[in-house]
Amino acid sequence: MVLGMTTIAIPESEHEHPVVAWIAIAAIACAAVLIAWARFEVHGTGDLEAALYEEPLVKLVPMPPAEDEATGHQAQVDEAVTASRWATAFSP
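Rules behind the numbers
- Residues numbered from 1 in each chain as written.
- Predicted model: local features only at pLDDT ≥ 70, side-chain atom pairs only at ≥ 80, totals over all residues.
- Heavy atoms only, no water.
- Helix = DSSP H or I, 4+ residues; strand = E, 2+ residues; numbered from the N terminus.
- Buried < 20%, exposed > 50% of the residue type's maximum accessible area, 1.4 Å probe, protein only.
- Areas by Shrake-Rupley, 256 points an atom, 1.4 Å probe, with all protein chains shown as cover.
- Expected span 1.5 Å × (residues − 1).

A. Molecular detail of the overall build of the chain. Scanning the chain from N- to C-terminus turns up four helices and zero strands. Its helices and strands in sequence order give the chain the pattern α-α-α-α, from N to C terminus. Out of the 92 residues in the chain, the part that is buried amounts to 0%. Summing over all exposed atoms, the chain offers an accessible surface of approximately 9,200 Å²; the carbon and sulfur share of this is 69%.

Structure (structure tokens):
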């Protein structure tokens, strides 16, 4: 049982050298840094600053609270659905 758990936690490598794996991780990190640097060089930071500091276009209005009272018909439907779930032993 323990052997099965260790093979899931540590997958088999394709017989690659650990140095190759570390070089791949470093290459991915360098690529991410270069992409971010190129983005700042090409577009600048003005659009990011403007997006952070400008006023929203639409004023947000809070929604009114939902009414807890159900209509008579809706209450009957809810009661029937609940009863049928318990009768069939199906409950979410």
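B. Examining helix H2 (residues 18-43) more closely. Its 26 residues give H2 an end-to-end C-alpha distance of 38 Å, which sits within 8% of 38 Å, the value for a rise of 1.5 Å per residue. Among the residues trailing H2, glycine 44 stands out with phi positive, at a value near 75°.

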